[in-house]
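Residue-level listing of the chains:
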Amino acid sequence: MSAGAPGSIPAALQVPTRRVGAGWITALVIVHIGINVGFFAPIQVLLGLHAQQLDASQKNAILSLVTGVGAAVSLVANPLFGALSDRSTSRFGRRIPWVFFGTIAGALALLLMSTAQTVSLLVLGWALMQAAGNAALAAIFAAIPDKVPVEQRGMVGGLVALGQTCGSLIGAVIGMYAAQDLVFGYAIVAVAVALCSIPYVMMRQDVPLPKGALPALKAGEFLKSFWINPVKHKDFGWAWLTRFMLYLGCQLCLVYLLFFLQDELGHPDPAQGVLVLTAIYAFCVIFSSVISGKLSDRDGKRKKFVITSSVIVAAAAGVLAIASSFTTAIIAAVLLGIGFGAYLAVDFALLTQVLPNADSRGKDLGMINIANSLPQVVAPLVAWLSVTWFGGYPTLFLISAVISLVGAALVRRIKSVP
């Protein structure tokens, strides 16, 4: 149906049926690489080193504060900007303006962080980066159900996971080489975030939403729309909860990785150790995500892949709980990469099949992304309590394993997706 025919569904809101090409997918992946460099270079290395530089005796508390505040900002920013992109009527499309301006603003926030000589300025910079980065992220995620047919989403989800992983790996490389020059590190990250949006923006393949296609925006109704009743939309609710559990389990493995290598395993160069583990993890994620996504597209059964991958993540946390050497940590990185890679590809495809409405994909995926971001708020507190008061790193990783297993069990409650 055409967007202009009376009573028809605008093209921007229709369920896509035409397979997307390699050029669009490549541009999509490059955007994800840039955004994830912007998130993970600081999270994995730069923020920890920056916290240590500001006050070595309080590095754990500073890192927890900065990452916790940033994650709290992302809880609001992702669904808010996703909802705003749903309603955008720009001639460039609904998603492109948010991808472009979000990545530019994120780059500027990173440059601000490079000047931070106080904890408060570091917190402010990271909060701004989370707001801007999540504006771009919400839009680029929503572009997938906008453009990709259901039978291709596992493969595209796997390639998006590849982009996320490459961003994480590149971030670790930047962190290692910028360990002695944080200003340079933040600057390189800022450039990567800005440049990686250009191919997607220049392709201009978003379908514009005609003005007046959606009802006029009313503040009260807009705010109410962020509540998605988990009783009415049960599968969406269970998908949200299981994603939260798995992401929390993974975040507990990663939040203190730099300090775990430094303080528990006595690694002589913990920043380099993070890079090695990230590289191993990245290779396994890439291998696992692409293969699992294609396999789940082929047989259409998503849940068995999600459950199995969650169990593998729990096994990785269990290995870390008993780790006494860097070699053991490498084994955990392999397991975590295989499990989380398969999960990223297949669970995203599953999620796109339980979204409540076609006209609110950005907002609904933004609400799902709260399940990704909320663990970043919870994990620093759980990690700090576990390491400081309740038995140290083994307790932290055992908690991670249990949470991941609970998430695996709850996937079975999703009924509409096989």
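Use the structure listed above.
All values derive from a computational prediction rather than experimental measurement. (Residues numbered from 1 in each chain as written. Predicted model: local features only at pLDDT ≥ 70, side-chain atom pairs only at ≥ 80, totals over all residues. Heavy atoms only, no water.)

Visitor: So what's going on with empty space enclosed by the protein? Residues and values would help.
Guide: Applying the stated rule across the entire model yields 4 cavities of 30 Å³ or more. Roughly 850 Å³ of internal volume is contained in the largest cavity. Residue lining of the largest cavity: 42 residues in total, with Phe40, Gln251, Leu254, Tyr281 and Phe340 positioned closest to the centre. Here the lining of the largest cavity is built from residues that sort into 26 nonpolar, 16 polar and no charged. Of the voids in this model, the second largest cavity is the one considered here, and its volume is about 60 Å³. Contributing to the lining of the second largest cavity are Phe141, Gly157, Val160, Ala161, Gln164, Arg243, Tyr247, Leu344 and Phe348. (1 Å grid on protein atoms, 1.4 Å probe; cavity = no way out; pocket = protein on both sides within 12 Å on 5 of 7 lines; lining within 4 Å. Points joined across faces, edges and corners; volume = space filled by probe spheres on them. Nonpolar A, V, L, I, M, F, W, Y, C, P; charged D, E, K, R; others polar.)

Visitor: Let's hear about a nonpolar patch on the surface: which residues, and what values?
Guide: Judged by side-chain polarity, Phe100, Phe101, Ile104, Leu108 and Leu111 come together as a nonpolar surface patch covering roughly 470 Å² of accessible area. Looking at the secondary structure, you find Leu111 in helix H3 (residues 96-114). (Patch = residues over 30% accessible without salt bridge, like charges linked within 9 Å, V, L, I, M, F, W, Y side chains within 5 Å. Areas by Shrake-Rupley, 256 points an atom, 1.4 Å probe, with all protein chains shown as cover. Salt bridge = Lys/Arg side-chain N within 4 Å of Asp/Glu carboxyl O. Helix = DSSP H or I, 4+ residues; strand = E, 2+ residues; numbered from the N terminus.)

Visitor: Requested: an account of the nonpolar core, with residues and values cited.
Guide: Judged by nonpolar contacts, the single largest core of 121 residues is most densely connected at Val156, Tyr200, Phe260 and Phe340. Per element, the largest residue contribution to this core is 16 residues, and it comes from helix H1 (residues 22-54). Dropping the residues within four chain positions of it, Tyr200 is found in contact with Trp24, Ala27, Leu28, Val31, Arg95, Ile96, Val99, Ile140, Ala143 and Asp206. (Core = buried A, V, L, I, M, F, W, Y, C linked by side-chain atoms within 4.5 Å. Buried < 20%, exposed > 50% of the residue type's maximum accessible area, 1.4 Å probe, protein only. Contact = heavy atoms within 4.5 Å.)

Visitor: Account for the packing of helix H2 (residues 59-86) against helix H10 (residues 257-264), naming residues and giving values.
Guide: Packing of H2 against H10 brings their axes to within 12 Å, and their N-to-C directions diverge by 170°. By the criterion of interaxial angle, the relationship of H2 to H10 is roughly antiparallel. By crossing handedness, the relation of H2 to H10 is classed as left-handed. In this structure, H2 contributes Lys59, Asn60 and Leu63 to the contact, and H10 contributes Phe259, Gln262 and Asp263. Taken together, the residues of the contact of H2 with H10 break down into 2 nonpolar, 2 polar and 2 charged. (Axes fitted to C-alpha atoms, helices over the stretch in contact; angles between N-to-C directions. Parallel < 35°, antiparallel > 145°, perpendicular 65-115°, else oblique. Left-handed = near helix turned anticlockwise from the far one by under 90°.)

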